[in-house]
Every structure is written in C-alpha cells, then in structure tokens.
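As a plain string of letters, each chain reads:
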Amino acid sequence: MKKRTRSKSTVKASAKTDSHGHPGNPISKPAGTRKFKIAVVAFSVLLFVTLDLVCGAYIGGNQQRSFRCSHPYYHHGLRANQDQFTHWGGHRYRMLTNSLGFRDHHIRTVPLQSETPRVVLIGDSMIEGLGVAYEKTVAGQLEKRWSEVGVKVLNAGVVSYSPHLYYLRVRHLIEELGLQFSHLVVFIDISDIQDETFYRAFQASGGAGQEHGWWRRHSLMARVIDQFVSPQPRTNNEFRTDAEVNVWMEGTDAYQAGTDPEIGRWEWTISDDIYEQWGKQGLALARGHMIELNELCRQHQIGLTVVVYPSPVQIFAKDKESRQVLFWRDFCDEFDLTLVDLWPTFFDDAYAGPGEIYKRFYLFSDMHWNELGNQLVAEKVDEAIGPIVTAAR
C-alpha cells in the first residue's frame, strides 16, 4: 500500500487556513518595526531641516539681521519697522523705518490715505542718506521745512535704485498698496545709468508681498536651488545673489572690493569710450522707465519733478555741460516737467575750486553728501519747487 502524501499546493493552501478551514492571518512584520522606521525617517527629515536652517543662518546671517531685503516686485528695499544702528565707512548712524519700509524719524504706521498733501522723494543712496542721521538728510530737512505749511514728506530712497526701480517701487506703492500722495520728486544720480544696465532683465513679480518668503530667506537649500531654477537675474552691481545685495550696502569693505564692474560708473559723462560701451544704453533704458513713471503719475494726478546733480567726478573734471544735464533737460522739456538742475550749485565760483567744494559738502573719501551737502540740496530743492508742493494744500 502506497503512503499518501500531500502535494505542495495542498501544503501552501493549508498554511493559509486555520483548523476550521477559515483564512488565517498572513505572516507580517511586527508593528513596532514599522513605527521604528517611521521614527527614523522623521528624525532624518528633522535633522536635515535643522542643519539646513543652521547653515542658512550661519552663511547668510548678516542677511537675516540686515534691515535690507530683496523684493520680488521692486528688487530690493528696506524692511518695515526696523530700529538698528549701522555704518557707512566710519560713520555710525541709526536706521529707523516705518510701516512702508521707508527711512523715517521713528517707527510708525503711515496711513495710506491722507487729507493733507504728501510729497514722496525717491532716489538712490544719496536720498536714503548714507552716513548721516535722518533729520540731516535731504528728506529730513525738507520735511522740517514743509511740515510748517502742512505738507508731509516720505522718503522712498534706497541704495542702488535707478529709474527702473523708481518706477516699480512707485507703481507698487500706488497700485498694490494704495498709497495716496500729491507729488513725486525723483533724484537721478550719475550712477543710475549703470544701474539701469544691471537691472535691465529684472521683471516685477509677487504682487503686494513684502519680501521673498520666509523659507527662501532662511533655508540654505532653498537659496541654492533658487540660483539654478529662478528665471529672475539676481544681479546688483558687483554681486551675484540677493543675499549679498542685502549685506554689502551696510559697509564699504565689500563695496570697495568689487571695483571691476564699477569701472566708469561715474565717468560715463566724460568718457566717449564708456559712453559708447554702456552709457548710451543706460540712458535709453532710463528714459523708457521715466516715461513709464511720468505716465503713471499723470494717470493718478501726481505732480512729478526731476532733480539732477553732479558727483565729485564731474566736479573735479569740471564737467559743467554734462551729458547728464543735457539729456534730462531735453527730457523734461519734452514732457513739460520741472527740472531742478543742481550743477550750478556745485560749480559755484564762490568756492576756491573743486577741492574746497568736495571737502565742504561730501563725506571724507566718499561720493555721498555730508550733513552740509544734504542741507544745501534741500535748500535748493525747496527754492525750486517749495511753492509748487505747498500750493497743493
């Protein structure tokens, strides 16, 4: 008699049923093993995020502490409601900003609507007022003068602004934030023309956002990825990234280190070679953006004044009939705008020469006005347009 044996298929089937023929539980790993793996993954993610933020803070620490910030709409600006001390060269001063991210006397909320006339000043570092206390800046001194007749002043000036960013910043104020003001004064610096070539590919994005997102500002990985996938150029003068843009403006070391891209920055008015290399293009870009800004002001019934002034380079070169003056004089004549030409102010024969003018009105070994220089500019602007802005009361 043959011994009966079960087939392999029968053995496999029986392994899946219990003694009553019901399906049994499949063999599985203990629940504790799955929980352990989940904990390991969670811990790894947490460790990675922590290291990423720590490295981001270490590498970009100055950026996070800076009162300056990049912005998707107008490239860069000042953070709102800041109270910090900073320096420009050997000059230490206090930096206070209001709710709009404008330099101000103190931290305050600026109402978007106003029953009294308001004048917005916009320019680059000359109008922000590098190296001097706010009350000594052009804006601070004009505010003191015009507040006596019921006109308020807001200072939208920021380092390395130019007509492209003037237009974007003002458009953001009007169309995104809804700020009301009666007059805009644009101070066009010699260096603005080179900056126009730097910003030529920049496009506004991000609506009314205050600045780039928290994660992008604090995460090292986010900033690295952004350098590869962002369609926006992160260029400002001698630096390649927004992080560096935010930091360099607080001191002169990094600024002076990046000399190559600034060759000719102030000489384009006196050098035909530099003018042909990029000065002509920069002027064309500036003109286009100023046309847009003029149209924006016209649509919102805002008066527009243009102010031009020489740098020490023009003063020492005795560049009295400068390309800068001639260009913006023609522009203002074409569009029936008021031009405040400060060239005669800084070429006054009452002074012994360029050396005395420089020592009297500029910070030592610098391109920026000292307190007396700011006062002089404020006086001349007041003389030229004071009656215009105060007539809006």
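Residues numbered from 1 in each chain as written. Predicted model: local features only at pLDDT ≥ 70, side-chain atom pairs only at ≥ 80, totals over all residues. Heavy atoms only, no water.

Caption draft 1: Broad picture of the nonpolar core. One finds Leu121, Leu184, Phe187, Leu293 and Phe346 to be the most contacted residues of the largest nonpolar core, which totals 90 residues. In terms of residue count, the dominant contributor to this core is helix H12 (residues 272–299) (nine residues). (Core = buried A, V, L, I, M, F, W, Y, C linked by side-chain atoms within 4.5 Å. Buried < 20%, exposed > 50% of the residue type's maximum accessible area, 1.4 Å probe, protein only. Helix = DSSP H or I, 4+ residues; strand = E, 2+ residues; numbered from the N terminus.)

Caption draft 2: Quick peek at the environment of aspartate 124. Within the secondary structure, aspartate 124 sits in the loop between strand S5 (118–122) and helix H4 (125–128). Placed 42 residues apart in sequence, aspartate 124 and tyrosine 166 show a C-alpha to C-alpha distance of 9.1 Å. Residues in contact with aspartate 124, not counting those within four places in the same chain, are Gly157, Val158, Val159, Ser160, Tyr161, Tyr166, Asp189, Ser191, Asp192 and Tyr309. (Contact = heavy atoms within 4.5 Å.)

Caption draft 3: Broad picture of the packing of aromatic side chains. Using the criterion set out here, one finds 11 aromatic pairs in the structure. Between phenylalanine 331 and phenylalanine 335, the aromatic rings sit 4.9 Å apart at their centres with planes inclined by 40°, giving tilted as the arrangement. Here phenylalanine 331 falls in the buried class, since its relative accessible area comes to 2%. Accessibility expressed as a relative area gives 24% for phenylalanine 335, which makes it partly exposed. A centroid spacing of 6.1 Å and a plane angle of 50° characterise the contact between phenylalanine 346 and tyrosine 362, whose relative ring orientation is tilted. You can see phenylalanine 346 sitting in helix H15 (residues 343–346) and its partner tyrosine 362 sitting in the loop between helix H16 (354–361) and helix H17 (371–390), a full 16 residues away along the chain. According to the relative accessible area criterion, phenylalanine 346 is buried, its value standing at 1%. (Phe/Tyr/Trp six-rings, centres within 6.5 Å; stacked < 30°, edge-to-face > 60°.)

Caption draft 4: Summary view of the sheet that holds strand S8 (residues 303–308). Reading across the sheet, the five strands line up as S6-S5-S7-S8-S9 and stay open at both edges, with parallel pairing between neighbours. Only two strands of the sheet have a single neighbouring strand rather than two, namely strand S6 (152–155) and strand S9 (338–341). Strand-to-strand twist across the sheet, computed as the mean angle between neighbouring axes with direction ignored, equals 20°. Pairing of S8 with S9, which is carried by four bridges, proceeds in the parallel orientation. Looking at S9, one finds that threonine 305 is bridged to threonine 338. Lying over the sheet, H12 contacts strand S7 (183–188) and S8, oriented at roughly 170° with respect to S7. Sitting on the sheet, helix H14 (residues 323–334) touches S7, S8 and S9, and the angle it makes with S9 is about 160°. (Pairing = 2+ DSSP bridges. Axes fitted to C-alpha atoms, helices over the stretch in contact; angles between N-to-C directions.)

Caption draft 5: Spotlight on the packing of H12 against H14. The interhelical angle for the contact between H12 and H14, taken along N-to-C directions, is 25°, at an axis separation of 12 Å. The angle between H12 and H14 falls in the class roughly parallel. H14 is crossed by H12, and the crossing has right-handed handedness. Contact residues: H12 offers Asp272, Tyr275, Leu283, Ala286, Arg287, Met290 and Ile291, while H14 offers Arg323, Gln324, Phe327, Trp328, Phe331 and Glu334. Classifying every residue of the contact of H12 with H14 by side-chain character gives eight nonpolar, one polar and four charged. (Parallel < 35°, antiparallel > 145°, perpendicular 65-115°, else oblique. Left-handed = near helix turned anticlockwise from the far one by under 90°. Nonpolar A, V, L, I, M, F, W, Y, C, P; charged D, E, K, R; others polar.)

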